[in-house]
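As a plain string of letters, each chain reads:
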Amino acid sequence: MAPVSTTAEDKLSRSTDSASLARAIARSAEIEVAIDEDPSRFRVLTGDRPTGHLHLGHYFGTVKNRVELQARGVETWQLIADYQVITDRDGIGPLRERVLSLITDYIAAGMDPERATIFTHSAVPALNQLLLPFLSLVTESELHRNPTVKAELEATEGRAMSGLLLTYPVHQAADILFCKANLVPVGQDQLPHLEQARLIATRFDKRYGRAHQDTPVFRRPEALLSKAAHVLGLDGEKMSKSRGNTIELRMSADETAKRLKKAKTDADRVITFDPVNRPEVSNLLLMASLASGEAPETIADEIGDGGGGALKARVTEALNDMLAPIRARRAELEQNEDYLWDVLRRGNERANEVANATLDDVRIAMHMNY
């Protein structure tokens, strides 16, 4: 195969991306300090699509961090993105069951519904109405350049892309901006989405103006970069509901043990933490580490030449110990569906109140308040 040429434009793009990432990392560190100094300055928006039940990848990757931010005093808005279920699929599946499962997992994991606003896309019309003015602020080529849109387009293998999928980044911007969130916990791969939201906020101010002369309609959201380690599935591949390689938060201790017995390891009996050369073994050590608080290297040394069986037993014990209080709380919540739906009802009411106020500001700025 002939070598791929590197153009000056390619080099400039990578250089710019590296510089942007460095700035994002530095700014994220500053925000961490600012949260400790005055958490009331921040409003966080996070969300999940109800396409299945929450698993350990979700918990270690995002949910645990959300609970910690709330404990630090940061106002948290939690979106259940039910409209985004249909961006890349033909049907919605058992949506009501999955929405209820998400609410249950959030609260069981430690999210306080008295302090967090838990709401759904479909229940907040004013949020979705922001799509219209926002779409006037972006070009088709900008949408096609978004990494998520590009990846989804490649994955369709020629299948026509829906308009909702193409405008997915703009819908995400509406999620963030409608509630005036100024902080979004993200991984590095999600920074382009946040930049799209910042761009829309800036362009709206320049093109349409302000509802109040002293402040823009929308705050410019910033990234709080995730420090969470990337947890793989039990087969060593990306943890995914569709692959069946996950451990769901709702699973019992016995179900967890059965899943882990089938986890992929390797033939070397001496257990070492070596993510590059031994990814499957190292992933199990990482799970045990995240669950117990011990360093993965320490756990590996303690297992020694015990082999994969001893490793899986150690991981099972650590995960079941960590998940025990979450499961106990979940079992209590499952007995009171009325309470769970009331949490969502109150969250939706709060989201509508804020969304309607934001839409009023948008109408004033656009001179459409008639």
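Details of the structure are given in the entry above.
What counts, and at which threshold
Residues numbered from 1 in each chain as written. Predicted model: local features only at pLDDT ≥ 70, side-chain atom pairs only at ≥ 80, totals over all residues. Heavy atoms only, no water. Helix = DSSP H or I, 4+ residues; strand = E, 2+ residues; numbered from the N terminus. Rg over C-alpha atoms; globule rule 2.2 N^0.38 Å. Buried < 20%, exposed > 50% of the residue type's maximum accessible area, 1.4 Å probe, protein only. Contact = heavy atoms within 4.5 Å. Core = buried A, V, L, I, M, F, W, Y, C linked by side-chain atoms within 4.5 Å. Phe/Tyr/Trp six-rings, centres within 6.5 Å; stacked < 30°, edge-to-face > 60°.

Participant: Residues and numbers for the overall build of the protein chain, please.
Facilitator: A count of helical and extended segments in the protein chain gives 15 helices and five strands. Taken over C-alpha atoms, the radius of gyration comes to 22 Å for the protein chain, in line with the 21 Å a tight globule of 370 residues would show. Considered along the principal axes of its C-alpha atoms, the protein chain spans approximately 75 × 65 × 45 Å. Counting the 370 residues in the protein chain, one finds 47% classified as buried. Long-range pairs, those at least 24 residues apart, make up 77% of the contacts in the protein chain with a sequence separation of at least 6.

Participant: Account for unusual backbone geometry, with residues named and values stated.
Facilitator: In the Ramachandran plot, Lys 180 falls in the positive-phi region, its phi being about 60° despite a non-glycine side chain. Tracing the sequence through the fold places Lys 180 in the loop between helix 9 (168–178) and strand 4 (183–186). In this structure, His 367 is a non-glycine residue whose phi angle is positive, near 60°.

Participant: I'd love a proper account of the nonpolar core, names of residues and values included.
Facilitator: Counting 49 residues, the largest nonpolar core has Leu 56, Ile 103 and Leu 319 as its most contacted members. Contributions of two or more residues to this core are made by helix 2 (56–71), helix 3 (95–109), strand 3 (116–120), helix 12 (279–292), helix 13 (296–303), helix 14 (307–334) and helix 15 (337–365). In this structure Ile 103 touches Ile 80, Ile 118, Leu 340, Trp 341, Val 343 and Leu 344, once residues within four positions along its chain are discounted. By size, the runner-up hydrophobic cluster in this structure holds 45 residues, among which are Ala 126, Leu 177, Leu 225 and Ala 351.

Participant: Break down the packing of aromatic side chains for me, citing the residues and quoting the values.
Facilitator: Applying the stated criterion across every chain yields a total of seven aromatic pairs. With 5.4 Å between their ring centres and 75° between their planes, Phe 134 and Phe 218 make a pair best called edge-to-face. Placement of the pair is Phe 134 in helix 5 (residues 131–135) and Phe 218 in the loop between helix 10 (191–208) and strand 5 (222–225), with a sequence separation of 84 residues. Grouped by ring-pair contacts, the aromatic residues Phe 134, Phe 204, Tyr 208 and Phe 218 constitute a single cluster.

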